[in-house]
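Listed below are the residues making up each chain.
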Amino acid sequence: MRIVVKFGGSSLADGERIQNAAKKIAALRAAGHQIVAVVSAQGDTTDDMIAKAAQIHTDPPKREMDAYLAAGEQMSAALMAMALQKMGLPAVSLTGAQAGMMTDGVHSDARVLGLKNDRVAQEMERDNIVVVAGFQGVDGKGDITTLGRGGSDTTAVALAAFLKAAVCKIYTDVDGVYDKDPRKYPDAVKLDWIGYDDMLHMARQGAQVLHDRCVELAQIYQVPVQVLSTFRPGEGTFITAFPEDFSQI
Ligand code: ADP
Ligand code: ASP
Ligand code: MG
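In this text the structure is predicted, and so the values were computed from the model without any measurement.

What follows covers the pairing of strand S9 (residues 167–172). Of all six residues that make up S9, six are buried, and the element is covered over most of its length. In S9, alternate side chains face the same way, and those of Val 167, Lys 169 and Tyr 171 on one face and Cys 168, Ile 170 and Thr 172 on the other are all buried. As paired elements, strand S1 (residues 2–7) and S9 share five bridges and run parallel to each other. Directly across from Ile 3, in S9, lies its bridge partner Val 167. Here five bridges tie S9 to strand S11 (residues 225–229), and the two strands are oriented parallel to one another.

Below you can see the structure in the form of structure tokens.
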């Protein structure tokens, strides 16, 4: 099966966590799956970078901000590829531009348009685990763009859609999607399944667990999404059109 996995910033916060995430990728590969891994910047890297840019410019030019922030995810991708290679697995890291992640030119809030080359497919043909830097793309001018805060989720679902993956597994710091933010509400209830429409509504209301555009893309391309914990066992939450869909994944 072709699977896209995505690890968020807290899942990659230090070397040990990168290795832990690499082990999850290794286990999926050992089970016979073809893996594309999308990574976020480590821990608070993006926030720290934004603070650093603010020391230089009170209203940083968006084009330069995108070029700067995209580096956070690029560093994670290279580190993840190193971790996989250390485990004896063939892996290659790609920036959004190298992966051909085409977007419009709206800096800091770009929309994904498509994949403009087949580099990811070629690397999969070579039996590589392809590690793609999340949150970023390239516009028609060849400039680096970013997809908005939380945008690595969208990179992952976009790749799953364009590469026709069977599922997009979003590994994060909660063990699934809840009916409300479990960090704020201790009585929040975990859902085993949620439909695209309801998930889209929650994401648009600001539920951080998934970037709203990732849910839009998942619905348009009918990508089954699974939200699960990097740190705890469990199947998490499936997001599909109908509840019966996920039993086939
Ligand atoms: P990542 O770094 O993995 O992308 P995020 O911090 O972006 O993780 O998203 C996960 C967080 O989303 C959780 O820690 C949780 O506090 C928050 N969250 C908000 N609403 C929900 C919800 N309905 N279900 C699950 N998590 C939610
Ligand atoms: N690193 C970016 C952010 O913090 C993108 C992401 O993590 O999805 O918003
Ligand atoms: Mg997120």
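This part is about the pattern of salt bridges. Considering all chains together, one arrives at 15 salt bridges under this definition. Residue Arg 63 pairs with Glu 64 through a salt bridge whose shortest N-O separation is 2.9 Å.

Neighbouring ligand 1 are 17 residues, the closest being Thr 172, Asp 173, Tyr 178, Asp 181 and Arg 183. One of the backbone N or O atoms of Gly 9 is found 3.4 Å from an oxygen atom in ligand 1. In the environment of ligand 1, an oxygen atom lies 3.4 Å from a nitrogen or oxygen atom belonging to the backbone of Val 209. Within the complex, 90% of the 570 Å² of free accessible area of ligand 1 lies under protein. Residue classes in the shell around ligand 1 are distributed as seven nonpolar, five polar and five charged.

Following the criterion strictly, the structure yields two aromatic pairs and no others. Here the aromatic rings of Phe 7 and Tyr 171 are separated by 4.8 Å at their centres, their planes lie at 10 degrees, and the arrangement is stacked. With Phe 7 in strand S1 and Tyr 171 in strand S9, this residue pair connects regions lying 164 residues apart in the sequence. Grouping residues by exposure puts Phe 7 and Tyr 171 together as buried.

Here is what the cut-offs are and how they apply
- Residues numbered from 1 in each chain as written.
- Chains lettered and ligands numbered in written order.
- Predicted model: local features only at pLDDT ≥ 70, side-chain atom pairs only at ≥ 80, totals over all residues.
- Heavy atoms only, no water.
- Buried < 20%, exposed > 50% of the residue type's maximum accessible area, 1.4 Å probe, protein only.
- Helix = DSSP H or I, 4+ residues; strand = E, 2+ residues; numbered from the N terminus.
- Pairing = 2+ DSSP bridges.
- Salt bridge = Lys/Arg side-chain N within 4 Å of Asp/Glu carboxyl O.
- Near = heavy atom within 4 Å.
- Polar contact = N/O pair within 3.5 Å; in protein donor to acceptor, adjacent residues only side chain to side chain.
- Areas by Shrake-Rupley, 256 points an atom, 1.4 Å probe, with all protein chains shown as cover.
- Nonpolar A, V, L, I, M, F, W, Y, C, P; charged D, E, K, R; others polar.
- Phe/Tyr/Trp six-rings, centres within 6.5 Å; stacked < 30°, edge-to-face > 60°.

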